[in-house]
Amino acid sequence: SPAIDRKAAKAPFPPIRVREGKDLILRDTFLLAFFLKGSIAKTRKAIAVALDRYVAFVPKDMLRWSLLGSSSTTVRTFNASTVSRAHTLLAKKDAYFWLGSDDEPETGKPQKDEPHTSAYLFYAVANEDPVSVIELRFASDFVWQVGPDAIVAFAAELTKELPLISGYGSLSTTSGPAMRR
């Protein structure tokens, strides 16, 4: 994980948080999206590298939830085996998974139930289609804490490993519930 500048602890704009009762249904994030050339057979190695780099880049212990498998509907607690299980899914012809954080990890209090609007999220879908997709989300404050240059360098390093068709990075609003098929 890159060094965090605690003096730059907040993004230079008011945070976007929209609630419905106690549930957070919309928040600001920073999104990197990559569209990869090739089916799962051609992109699985690149997706695995991107996953490992994302997990290493985001703050330690930030990822707390996962949904693994295209037919899964059960969101599970992130644990020591989650990343290796995601790697195993990439060996299948229809890989789908996401790993995410709580809605508001900046509070420092883990949620007791699944998130609706994750601040951090790695999402991958790859099958026999000619295009695979990965999305990487970061809490907006994290972008300012590590500095935009660190995010750009992270994205540039990832693109060296990815068989890219296209991609983009942007401030984004993320709505819940967390992505599901």
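Data block above holds the structure.
First, a word on scope: everything that follows refers to the structure included in this document. Each residue is numbered by its place in its chain's sequence as written, counting from 1. Where local features are concerned, this predicted model is filtered to residues with pLDDT of at least 70; where side-chain atom pairs are given and counted, the filter is 80 or more; whole-chain, interface and lining totals use all residues. In computing side-chain properties, one takes all heavy atoms of the structure into account and sets aside hydrogens as well as water.

Counting buried positions along strand β7 (residues 131-139) yields eight of nine residues, so the element is predominantly enclosed. Two strands are counted as paired when DSSP detects at least two bridges linking them. Strands are runs of DSSP state E lasting at least 2 residues, helices are runs of H or I lasting at least 4, and numbering of each runs from the N terminus. Sheet analysis places strand β2 (residues 23-37) next to β7, joined by nine bridges and oriented antiparallel. Bridge assignment links F34 to a residue of β7, and that residue is I134. Between the end of strand β6 (residues 121-126) and the start of β7, which pair antiparallel, lie four residues. Each residue's exposure class comes from its accessible area (1.4 Å probe, protein chains only) as a fraction of the maximum for that residue type: buried when under 20%, exposed when over 50%, partly exposed otherwise.

Take helix α4 (residues 148-159) next. Under the convention used throughout, the expected extent of a helix is 1.5 Å for every residue step, that is, one less than its residue count. Compared with the 16 Å implied by 1.5 Å per residue over 12 residues, the 17 Å span of α4 between its first and last C-alpha is a close match. Residues of α4 that are buried: I151, F154, A155 and L158. Taken end-on, α4 shows its buried residues confined to a sector of 95°, consistent with a single buried face. Turned more than 90 degrees from where α4 packs its buried face, D149 and V152 sit exposed. Those residues of α4 that are buried lie in contact with β2, α1 (40-57), β7 and α3 (140-146). The directions considered for the arc are those from the helix axis to the C-beta atoms. Contacts are assigned to residue pairs that have any heavy atoms within 4.5 Å of one another.

If you want to describe how two helices pack, look at the angle between their axes and the distance between the axes. Running from N to C, α1 and α4 point in directions that differ by 160°, and their axes come no closer than 11 Å. Considering the angle they form, α1 stands roughly antiparallel to α4. In this structure, the crossing between α1 and α4 has a hand that is right-handed. Residues A50, R53, Y54 and F57 of α1 form the contact with α4, whose participating residues are A150, I151, F154, E157 and L158. Whenever a helix is involved, its axis is fitted only over the stretch in contact; in every case the axis is a line through C-alpha atoms, and angles between N-to-C directions fall within 0 to 180 degrees. We call two directions roughly parallel when the angle between them is under 35 degrees, roughly antiparallel when it is over 145, roughly perpendicular when it lies between 65 and 115, and oblique otherwise. Each crossing is labelled by how the near helix is turned from the far one, with a counterclockwise turn of less than a right angle marking it left-handed and a clockwise turn marking it right-handed.

This brings us to a nonpolar patch on the surface. Among the surface-exposed residues, I16, V18 and I25 lie close enough to one another that they form a single nonpolar patch of about 190 Å² accessible area. For I25, the location among the structural elements is in strand β2. The partly exposed category is assigned to I25, whose relative accessible area is 31%. Surface patches are defined over residues having more than 30% relative accessible area and no salt bridge, joining like charges when they lie within 9 Å and nonpolar side chains (Val, Leu, Ile, Met, Phe, Trp, Tyr) when within 5 Å. Computed with the Shrake-Rupley method and a 1.4 Å probe, the accessible areas treat only the protein chains shown as cover for residues. The rule for a salt bridge is simple: a side-chain nitrogen of Lys or Arg has to be within 4 Å of a carboxyl oxygen of Asp or Glu.

Here the structure, examined in full by the defined rule, presents seven salt bridges. We note a salt bridge from D102 to R64, for which the minimum N-O separation is 2.5 Å. One end of the pair, D102, is in the loop between β5 (95-100) and β6; the other, R64, is in the loop between α1 and β3 (65-68), with 38 residues separating them in the sequence. For D102, a relative accessible area of 1% puts it in the buried group. Taking relative accessible area as the criterion, R64 reaches 19% and is therefore assigned buried. The salt bridge involving E157 is made with K160; its shortest N-O contact spans 3.3 Å. Three or more residues joined by partner-sharing salt bridges are found here, namely R17, R19, D28 and E104.

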